[in-house]
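Geometric and topological summary
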Amino acid sequence: MVFENIRNLREDNDKTQSEVAQYLHVAQNTYSQYESGIRSVPVEIIVKLCHYYNVSSDYILELSDKKSPLI
């Protein structure tokens, strides 16, 4: 599921939920709900996360297990 990969990316990059939420311009509890699967992740947020972590949307959406950096 989407929330597993965004949580793993955050943890792998030693970021807190608050840091990522600030970058995304959302509340920390909103971001927490994305990670826990309570709230769907909007497309705009997925795009921002791709840029933030330099990964493909396929990885975040679990369509691929390769992070494939953006070109």
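Here the structure is a predicted model, which is why all the values come from computation and not from measurement.

**Describing the pattern of salt bridges**
Applying the stated criterion across every chain, the model contains two salt bridges. The partner of Arg10 in a salt bridge is Glu11, with the nearest N and O atoms 4.0 Å apart. A relative accessible area of 42% means that Glu11 is categorised as partly exposed. Through salt bridges with shared partners, a single ionic network connects Arg10, Glu11 and Glu35.

**As for helix α2 (residues 17-24)**
The set of residues buried in α2 consists of Gln17, Val20, Ala21 and Leu24. Along α2, the residues classed as buried sweep out an arc of 100° about the axis, all on the same side. Among the residues trailing α2, His25 stands out with phi positive, at a value near 60°.

Here is what the cut-offs are and how they apply
Residues numbered from 1 in each chain as written. Predicted model: local features only at pLDDT ≥ 70, side-chain atom pairs only at ≥ 80, totals over all residues. Heavy atoms only, no water. Salt bridge = Lys/Arg side-chain N within 4 Å of Asp/Glu carboxyl O. Buried < 20%, exposed > 50% of the residue type's maximum accessible area, 1.4 Å probe, protein only. Helix = DSSP H or I, 4+ residues; strand = E, 2+ residues; numbered from the N terminus. Arc of directions from axis to C-beta.

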